[in-house]
Amino acid sequence: MDTIDSITNDKLIQYGHAILGQNEYNEISKAYVEWKNIVQIYVVKNGFSKEIQNEVKVKGHFIANEFSEAESIKNIKTATEGILRILENLDMKVSDDLSEETAKLIIERILSHVNIYLKSMYYDRPHKKSTFSEEILHQIKIENEYDVQHVLYSLLRTVFPEIRKEVNG
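Everything in this summary refers to the structure shown in the same document. Just so it is clear, the model here is predicted, and its values are computed rather than measured.

## Brief notes about the overall build of the protein
Looking only at helices and strands, the protein has 8 helices and 0 strands in total. Secondary structure elements of the protein occur, N-terminal to C-terminal, as α-α-α-α-α-α-α-α. Burial status across the protein gives 30% buried among its 169 residues. Sequence-distant contacts, at least 24 apart, represent 65% of the contacts inside the protein between residues at least 6 apart. Just so you have it, the protein exposes about 11,800 Å², and 54% of that area is on carbon and sulfur atoms.

Quick look at the structure:
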């Protein structure tokens, strides 16, 4: 693996995928521990939020099953996938660069104009070369608050990729 100074997010993702391809316990265990430590150093060194640093620790935790190497490998792969999801979203971090005031302004603007989005996306006639037909677009109906939440989540995620959907409880 590269030195911490030369490591990039893309290389970390590449190494993580290589770990997912391993199936021998000692090999995968050693590679995973080394990779996870470098990821933790990377997120600290590159100034990512404490939330992301903690998320890497939590998602990266795995329990070795002393009775089953196969289960231990499965746990390592699950932890690797968790960290990979975080790394794959790091490139999309935009809102960390925005002040709270600017972020609120963007949210207010999106919320106050969501009706324009809905009209232009679902009710305006698509370009004649578009593969979207009016009939298909008109089939999409906003019928309850969950539909609205889905639309708003999708719109807000383009600016704030780290937002999460409401957890169904």
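## A short note on the packing of helix 3 (residues 50-59) against helix 4 (residues 69-90)
Direction vectors running N to C along helix 3 and helix 4 enclose 160°, while the axes themselves pass 8 Å from each other. In terms of orientation, helix 3 lies roughly antiparallel with respect to helix 4. Judged by residue contacts, Ile 52, Glu 55, Val 56 and Lys 59 of helix 3 engage Ala 79, Gly 82, Ile 83, Ile 86 and Leu 90 from helix 4.

## Structural notes on the packing of aromatic side chains
The final tally for this structure, using the stated rule, is 3 aromatic pairs. Centre to centre, the rings of Tyr 32 and Trp 35 are 6.0 Å apart; their planes meet at 50°, and the pair counts as tilted. Taken together, the positions of Tyr 32 and Trp 35, both in helix 2 (residues 25-45) and 3 residues apart, correspond to about one turn of that helix. Trp 35 carries the same exposure label as Tyr 32, and that label is buried. Judged by centre distance (5.4 Å) and plane angle (85°), the ring pair of Tyr 32 and Phe 62 falls under edge-to-face. Taken together, the residues span a long stretch of sequence, with Tyr 32 in helix 2 and Phe 62 in the loop between helix 3 and helix 4 at a distance of 30 residues.

## With respect to the environment of Leu 118
Examined against the element boundaries, Leu 118 turns out to sit in helix 6 (residues 114-123). Expressed as a C-alpha distance, the spacing of Leu 118 and Val 151, which sit 33 residues apart in the sequence, is 8.7 Å. Not counting residues up to four positions away in its chain, the partners in contact with Leu 118 are Tyr 123, Ile 142 and Val 151.

How each quantity is defined
Residues numbered from 1 in each chain as written. Predicted model: local features only at pLDDT ≥ 70, side-chain atom pairs only at ≥ 80, totals over all residues. Heavy atoms only, no water. Helix = DSSP H or I, 4+ residues; strand = E, 2+ residues; numbered from the N terminus. Buried < 20%, exposed > 50% of the residue type's maximum accessible area, 1.4 Å probe, protein only. Contact = heavy atoms within 4.5 Å. Areas by Shrake-Rupley, 256 points an atom, 1.4 Å probe, with all protein chains shown as cover. Axes fitted to C-alpha atoms, helices over the stretch in contact; angles between N-to-C directions. Parallel < 35°, antiparallel > 145°, perpendicular 65-115°, else oblique. Phe/Tyr/Trp six-rings, centres within 6.5 Å; stacked < 30°, edge-to-face > 60°.

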